[in-house]
Amino acid sequence: MANKQHVRVKVNGRDHEADVEPRLLLVHFIRDVLLLTGTHVGCDTTNCGACTVLLGGKPIKSCTLFAVQADGRELRTIEGVAANGKLHPVQEGFKEEHGLQCGFCTPGMIMAACALLEQNPHPSEQEIRWGISGNLCRCTGYQNIVKAVQYAAGILEKQNQ
Amino acid sequence: MAIRIERTFQIQEPVESVWKFLCDPKKVASCVPGAKITEAVDDWTYKGLVRVQVGPTVTDYKGQLQIERRDDQNYEIEIIGKGQDLRGKGSASMKMNGKVSILPDGRTEVSSVSEVNVVGLLAQLGARMINEVSNKVFAEFTANFRARLEQERVCGGTPPTTQSETEEPQPIDAPRLAMSVAKESVTKLVRQVFKKSDST
Amino acid sequence: MLQKTSPEIGGMGHSVKRKEDLRFIQGKGTYVDDLHLPGMVYGHMVRTPYAHAKIGAIRTEEAMKLPGVLAVITGHDLEKAGLAWMPTLFHDKQMVLATGKVLFQSQEVAFVVAEDRYTAADAAELVEVDYDDLPVLVDPHHALDPDAPILREDRQEKSNHIFHWEVGDRQATDGVFQSAPVKAGLNAFFQRCHPAPLETCGCVADYHPATARLTVWETSQAPHAHRTLFALVAGLPENNIRIIAPDIGGGFGNKVPIYPGYVCAVVASLQLGRPVKWIETRSENLQSTGFARDYHMTAEIAAERDGTVKALRVKTLADHGAFNAAAQPSKFPAGLFSICTGSYDFAEAFCEVDGVYTNKAPGGIAYRCSFRVTEAAYLIERAMDVLAQELKMDPAELRLKNFIPADKFPYRCPLGWTYDSGDYKAAMNLALGKIGYRDLREEQQQKRRAGELMGIGISSFTEIVGAGPAHTFDICGIKMFDSCEIRIHPTGKATARMGTKAQGQGHETTFAQIVAQELGIPVADITVEEGDTDTAPYGLGTYASRSTPTAGAATAMASRKIRAKARKIAAHLLEASEEDLEWEPGKFFVKGAPSKAKTIQEIAFAAYTNIPAGVEAGLEAVHYYDPPNLTFPFGTYICVVDIDKGTGEPKIRRFVAVDDCGNIINPMIVDGQIHGGLTEGLAIAFMQEIAYDESGNVQGGTFMDYLIPTAVETPNWETDKTCTPSPHHPLGAKGVGESPNVGSPAAFVNAVVDALSHLGVKHIDMPITPWKIWQILKEKGVSE
């Protein structure tokens, strides 16, 4: 067994530390060590995006990063999206527009959508589709997910006025 | 995954020394990146290892090379190789027919026809790449072959091996090869599309 | 007639927002891999890279030496417990762990158990297996050749032939063909594909030695059936087995069978007395679990010169892989493929199917298709277009001419099904209007003159869902009824449980809506639970669009039983006779005196506090529903495609989907299903295939090669509805989840072939990649 390395990661605003094998994937660190199981694993070739989290605000696939690479950095997972028990507009959008069915791709989608709207508060439909093109969904056909993001964009715009 | 690979190259060395070199599996293996002979069972049977890496997949084929037929008169050789992956990821087998001949201009030509069959993980992941990777491997092999034969002639005897026999065989780094392979494939396609002659 | 309820109650027809969403949007779902139990260990499967080989020795010593490894189970170990083989869902058996030989690449050979995932994976690489290759059979057309390698040496009959099945009148059909003036047909291959739900299969098997109780959390679409099969096969007492199907990340049929991984996890847990988790990787999922389709079909239609169809003849070669693990009702080796006469009024028809073994992953499961209905619908809709092309007739006109007329229902087709209701013309006309068909055909003429490629594809499918009536349907002997149990609590809230198990279909909302419809209790006050065999009434699970037709019906019937008892209690409370009471959703009132009323909540309270004489306390009911027939949803899909002459890329310009599933519970949810199913159909038509090379290597075994459409490839889907209720269903509802996957592949293919038909193209097999189209364009001399 390889030597373990000490990592310190700030996740959803809270500090965490652990001793991990260098080869431990970030997604397994999040799910099995921190027990934050909202981030999911859907493939083994970095194609599906179910594992999407925000690292320093940028959406990344946590299955393609090692936990040690997140040492000293800030992570945001789906569990950190709602603030003080209040749903984020993106989450509301998914509920209002029926943007989910089985729910498995949803956390990754929401993280990608949050990052997209952070960068581009008024995306066109095409920009939304490109923005979530790293996240696969088998149930919804994406149509309502696009609507969910548009709904959220509308709410965020009103909030910022 | 059955692939037929035909290769020919010319070399400015006398036919006898080329033939002698080609009939020595240890020397030939030393020219193939990632390969080494581990044991000479007898004059016709050898055991060896070949390491191939495609992305994160490292396949260590361990197996046997058998010289089926050797015709010193006509400079023809038939070799059968079979290997299984040490980690249960598959197998590969190869039947190669090699021939050395003299060209009218005095140069020696080495031609080979190989039928390769790959089973397992490599065939799944590397299927598209196998043909192109074999091109690259062959190019390296040819370069090594020429270099070693030249060294032999110049140094008059067995030159120091480029790879120590106790050293770990360096894997054929397919992604590195693949990048240059991909670039070459695209170039080829572009040439085809614009109907320029392919100058290989 | 269903009374419309208020939006607050949220009965049938309301687009109630989903109750299950709250946990999913916060990442608080509980999928099997989310479970962390004290002492839990991990299993990893050792798989063979060979498609056909004898197994020599299996050496596990090196693996066992690795710190943290607890066990390595081989087929030899399972043999001792009589578990090396297990029955499939279809009259066959399959190896749990290989003994003697392996039959497909990625087949399970050994199961390693270790303290953590990574150690288990490391140990799996250290297990050494000696193989001796055997000749590989991957082409089903050669399975019956005299020199074909015999794959299943365990069977008495040494042949690769599994079954021959036929239905219809061969003689009468041949007779019609002999005299028919027009005959047209095609060979169509429906390629092997895979449901690929985003969550792979897995389980946590937890055996407690102290209580001798086994709990298995499983990605199972049919938990009760699994429990019974575990009991029968493993000899464990059924009352001590609990299967819990928690939240499931998509099923699409992939999660119906029992997989070797589940069995190995159970065995390991029994052996170690600790919870054992087994979660497969995506590669394992694509390469070894239930695939779909792989049907080589031939259809011929005999018709009059004016286009009236007279007879249909179908012959199919079914490739089942190494074991017949098809998940379908036991009397139907080709599932409900005999729906292949589709929406058309054929006088005669004959259909025969032969199944064979090959060195590929086992199965033939129903991938969002009610057991082979996708293959059947694809075949007939392609054949109709081929006939239209032959007759130089418009494909919409040909269909309209041959639809089973609306007044001919219930309609008995020549292959034995009695369709409950349908109005195919209405759906077709709505679709044609919506897409602007006439204008599109004119545009196509103009484009053709200008050398542009544009196509319109129609699919007017009828499908058959809701298996099924006890007299004909069973899986492994268990009849295909379904169930619902409802309990109304003193404060007027309700808990309802069914024998089905949603994997995204929204039952927590839709089934609550059925109770809301029948009893007037608001959806918000009803909790729906499925999936725990300790609490849910027995059912056959969710697949083949059967839930609304069976469990939905059971829910309505159980609700009506409750309403009948509620009437008694209301009569007692209102001091009136039961006959003098009228019902409106949520309350009983005295005829002519609407102020003299009792709400269902008041009645519920009284059921525990003020019980009439001779009546039991409580307000609950259970109903097991045996459907009298299946239901026959239908629709017309129209696809408009433009083909890029330079790259061969087909671009979907528009797609209109008109569906008819009878009375709808939740329109928002139905539309979501349609969107998802059409996207799956898009993928199948243009992108996907699980192919095998001649050595049996899987091509398409990861998401790098087995392509799932992203939001960029997926167009906007335009949906609409007609409504032809099912006459036999208590709510007039039919199933619908699978219709889009059933009907759409033909629409896509018909559109592409239509775009190229003026060049002489008659058929292109799926997946229709840009490469295939580009090659055809080159061949036909089409240049940019």
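Up top is the structure.
On a predicted model such as this, the values are computed, not experimentally measured, just so you know.

### Re the state of the cysteines
Next, step 1: Overall, the coordinates contain 0 disulfides over all chains when judged by the stated rule.
Next, step 2: Cysteine Cys43(A) is unpaired, with the sulfur of Cys48(A) as its nearest cysteine sulfur at 3.8 Å.
Next, step 3: Summary of cysteine pairing: Cys340(C) is not part of a disulfide, and the nearest cysteine sulfur, belonging to Cys351(C), is at 4.4 Å.
Next, step 4: Owing to a relative accessible area of 2%, Cys340(C) belongs among the buried residues under this scheme.

### Re the interface of chain C and chain B
Next, step 1: At the junction of the two partners, chain C supplies 16 residues and chain B supplies 17 residues.
Next, step 2: Contact with chain B buries area across many residues of chain C, yet Pro49(C), Tyr50(C) and Glu125(C) alone supply 34% of it, more than any other trio.
Next, step 3: Linking chain C to chain B there are 1 salt bridge.
Next, step 4: Notably, a salt bridge pairs Lys89(B) with Glu125(C), separated by 3.4 Å at the nearest N-O pair.
Next, step 5: The tally of links from chain C across to chain B stands at 10 residue pairs in polar contact (both at pLDDT 80 or more).
Next, step 6: Along the lines of polarity and charge, the residues of the side of chain C that touches chain B split into 5 nonpolar, 6 polar and 5 charged.

### Side note on the interface of chain A and chain C
Next, step 1: The interface is formed by 49 residues belonging to chain A together with 55 residues belonging to chain C.
Next, step 2: A buried area of about 4500 Å², summed over both sides, lies between chain A and chain C, and 56% of it is on carbon and sulfur atoms.
Next, step 3: At the junction of chain A and chain C, the tally comes to 5 salt bridges.
Next, step 4: Ionic pairing is found between Asp33(C) and Arg31(A), a salt bridge with its closest N-O pair at 3.3 Å.
Next, step 5: Here chain A and chain C share 26 residue pairs in polar contact (both at pLDDT 80 or more) between them.
Next, step 6: Elements with a minimum of two residues in the side of chain A that touches chain C: helix H1 (26-33), helix H2 (89-96), helix H3 (106-119), helix H4 (125-131) and helix H5 (143-160) of chain A.
Next, step 7: Looking at the side of chain A that touches chain C element by element, the count peaks at 4 residues for H2(A).

### Examining the pattern of salt bridges
Next, step 1: Per the stated rule, a full pass over the model turns up 72 salt bridges over all chains.
Next, step 2: Lys721(C) is paired through a salt bridge with Asp671(C); the nearest N and O atoms lie 2.7 Å apart. Here Lys721(C) is found in strand E34 (residues 718-721), whereas its partner Asp671(C) is found in helix H16 (residues 667-686), with 50 residues between them in sequence.
Next, step 3: Given a relative accessible area of 22%, Lys721(C) falls into the partly exposed group.
Next, step 4: Several salt bridges converge on common partners, so that one network encompasses Arg31(A), Asp32(A), Asp33(C), Asp34(C), Arg117(C) and Lys277(C).

### Topic: the packing of H2(A) against H3(A)
Packed helix pairs are characterised by how far apart their axes lie and by the angle those axes make with each other.
Residues and elements named next belong to chain A.
Next, step 1: H3 packs onto H2 with a crossing angle of 125° between their chain directions and a minimal axis gap of 9 Å. By the angle between their directions, the pair H2 and H3 is classed as oblique. Note on packing geometry: the crossing formed by H2 with H3 is right-handed. Every residue of H3 that contacts H2 at Val90, Gln91 and Phe94 is listed here: Thr106, Met109, Ile110, Ala113, Cys114 and Leu117.
Next, step 2: A breakdown of the residues in the contact of H2 with H3 according to their chemical character gives 7 nonpolar, 2 polar and no charged.

### Brief notes about the arrangement of the chains
Next, step 1: When the 2 pairs of chains in contact are ranked by number of contacts, first place goes to chains A and C.
Next, step 2: At no point do chain A and chain B touch; the closest pair of C-alpha atoms across them sits 11 Å apart.

### Quick word on the pairing of strand E5 (residues 76-85) of chain B
All names here are of chain B.
Next, step 1: Relative to strand E6 (residues 90-102), E5 is paired through 9 bridges, and the arrangement is antiparallel. For Lys82, the partnering residue across the bridge sits in E6 and is Ser93.
Next, step 2: Linking two consecutive strands that pair antiparallel, namely E5 and E6, is a turn of 4 residues; a positive phi of about 75° is found at Gly88 within it.

### Description of the side chain of Gln105(C)
Next, step 1: Of note, Gln105(C) is situated in the loop between strand E6 (101-102) and strand E7 (108-114).
Next, step 2: Taking relative accessible area as the criterion, Gln105(C) reaches 2% and is therefore assigned buried.
Next, step 3: Only 2.9 Å separates the side chain of Gln105(C) from the backbone oxygen of Pro49(C), close enough to count as a polar contact.
Next, step 4: Polar side-chain contacts of Gln105(C) include one of 2.9 Å to the side chain of Asn697(C).
Next, step 5: Not counting residues within four places of it along the chain, the set of residues in contact with Gln105(C) comprises Gly120(B), Gln124(B), Thr48(C), Pro49(C), Tyr50(C), Ala51(C), Gln287(C), Gly696(C), Asn697(C) and Val698(C).

### With respect to unusual backbone geometry
Residue and element names in this part refer to chain C.
Next, step 1: The omega torsion across Phe409 and Pro410 is -5°, close enough to zero to call that bond cis.
Next, step 2: Relative to the helices and strands, Pro410 resides in the loop between helix H10 (395-402) and strand E18 (411-412).
Next, step 3: Here the amide bond leading from Met766 into Pro767 is cis, since omega sits at -5°, within 30 degrees of zero.
Next, step 4: Here Pro767 lies in the loop between helix H17 (739-756) and helix H18 (770-779).
Next, step 5: Although it is not a glycine, Ser545 sits at a positive phi angle of roughly 50°.

### Description of H10(C)
Residue and element names in this part refer to chain C.
Next, step 1: Within H10, the full set of buried residues consists of Pro395, Ala396, Leu398, Arg399 and Asn402. The arc that holds the buried residues of H10, viewed along the axis, is 160°, so those residues lie on one side.
Next, step 2: Along its buried surface, H10 packs onto strand E16 (309-319), helix H9 (373-391), helix H11 (424-435), helix H12 (437-449), strand E20 (453-459) and H17.

### Let's talk about the packing of aromatic side chains
Between two aromatic rings, the relevant description is the distance of the centres plus the angle of the planes.
Residues and elements named next belong to chain C.
Next, step 1: For the structure shown, the criterion picks out 37 aromatic pairs over all chains.
Next, step 2: Here Tyr262 and Trp278 contribute two aromatic rings whose centre-to-centre distance is 5.9 Å and whose plane-to-plane angle is 80°, an arrangement assigned as edge-to-face. Taken together, the residues Tyr262 in helix H7 (residues 260-272) and Trp278 in strand E14 (residues 276-279) connect sequence positions 16 residues apart.
Next, step 3: Where Phe481 meets Tyr624, the ring centres are 5.8 Å apart and the plane angle is 65°; that geometry is what we call edge-to-face. Pair noted here: Phe481 is in the loop between strand E22 (478-479) and strand E23 (482-488) and Tyr624 is in strand E29 (residues 619-625), with a separation of 143 residues, a long-range link.

### Things to note about the nonpolar core
Residue and element names in this part refer to chain C.
Next, step 1: Ranked by internal contacts, the top residues of the largest apolar core, which has 245 residues, are Phe111, Phe337, Trp417, Tyr419, Phe655 and Leu756.
Next, step 2: Counting residues per element, this core draws most heavily on H9, at 11 residues.
Next, step 3: In contact with Tyr419, other than residues within four places in its own chain, are Ile339, Thr341, Gly342, Ile404, Phe409, Pro410, Tyr411, Cys413, Tyr424, Thr462 and Phe632.
Next, step 4: Core analysis: the next-biggest nonpolar cluster, separate from the first, contains 45 residues, Ala553, Ala554, Ile562 and Leu581 among them.

### Brief notes about the packing of H2(A) against H5(A)
All names here are of chain A.
Next, step 1: Contact geometry of H2 with H5 gives a least axis separation of 8 Å together with a crossing angle of 135°. With respect to H5, the element H2 is oriented oblique. Two packed elements cross with a definite hand, and for H2 against H5 that hand is right-handed. Between H2, through Pro89, Val90, Glu92, Gly93, Phe94 and Glu96, and H5, the contact on the second element is made entirely by Ile145, Ala148, Tyr151, Ala152, Ile155, Leu156 and Gln159.
Next, step 2: In the contact of H2 with H5, the residues fall into 9 nonpolar, 2 polar and 2 charged.

### Side note on the sheet that holds strand E27 (residues 587-590) of chain C
All names here are of chain C.
Next, step 1: As summarised here, the arrangement of the 3 strands in space is E26-E27-E28, forming an open sheet in which the pairing is antiparallel. A single partner strand is all that each edge strand has here, and the edge strands are strand E26 (581-584) and strand E28 (593-599). Taken over all neighbouring pairs, the strand axes of this sheet differ in orientation by 35° on average, direction set aside.
Next, step 2: Where E27 meets E28, 4 bridges bridge the pair, whose relative direction is antiparallel. The partner of Val590 across the bridge, within E28, is Ala593.
Next, step 3: Sheet contacts for helix H15 (residues 600-609): E27 and E28; angle to E28, the most-contacted strand, approximately 50°.

### What to know about the sheet that holds E20(C)
Residues and elements named next belong to chain C.
Next, step 1: Read from one edge of the open sheet, 4 strands run E20-E30-E31-E34, paired in mixed fashion. Each end of this open sheet is capped by a strand with a single partner; those strands are E20 and E34. Neighbour to neighbour, the strand axes of the sheet diverge by 10° on average, direction disregarded.
Next, step 2: Here H16 sits on the sheet in contact with strand E30 (634-643), strand E31 (650-660) and E34, set at roughly 140° to E31.

Conventions used here
- Residues numbered from 1 in each chain as written.
- Chains lettered and ligands numbered in written order.
- Predicted model: local features only at pLDDT ≥ 70, side-chain atom pairs only at ≥ 80, totals over all residues.
- Heavy atoms only, no water.
- Disulfide = S-S within 2.5 Å.
- Buried < 20%, exposed > 50% of the residue type's maximum accessible area, 1.4 Å probe, protein only.
- Contact = heavy atoms within 4.5 Å.
- Buried area = accessible area lost by both parts, 1.4 Å probe.
- Salt bridge = Lys/Arg side-chain N within 4 Å of Asp/Glu carboxyl O.
- Polar contact = N/O pair within 3.5 Å; in protein donor to acceptor, adjacent residues only side chain to side chain.
- Nonpolar A, V, L, I, M, F, W, Y, C, P; charged D, E, K, R; others polar.
- Helix = DSSP H or I, 4+ residues; strand = E, 2+ residues; numbered from the N terminus.
- Axes fitted to C-alpha atoms, helices over the stretch in contact; angles between N-to-C directions.
- Parallel < 35°, antiparallel > 145°, perpendicular 65-115°, else oblique.
- Left-handed = near helix turned anticlockwise from the far one by under 90°.
- Pairing = 2+ DSSP bridges.
- Arc of directions from axis to C-beta.
- Phe/Tyr/Trp six-rings, centres within 6.5 Å; stacked < 30°, edge-to-face > 60°.
- Core = buried A, V, L, I, M, F, W, Y, C linked by side-chain atoms within 4.5 Å.

Interpretation note: all reported values are geometric properties and have no functional meaning in isolation.
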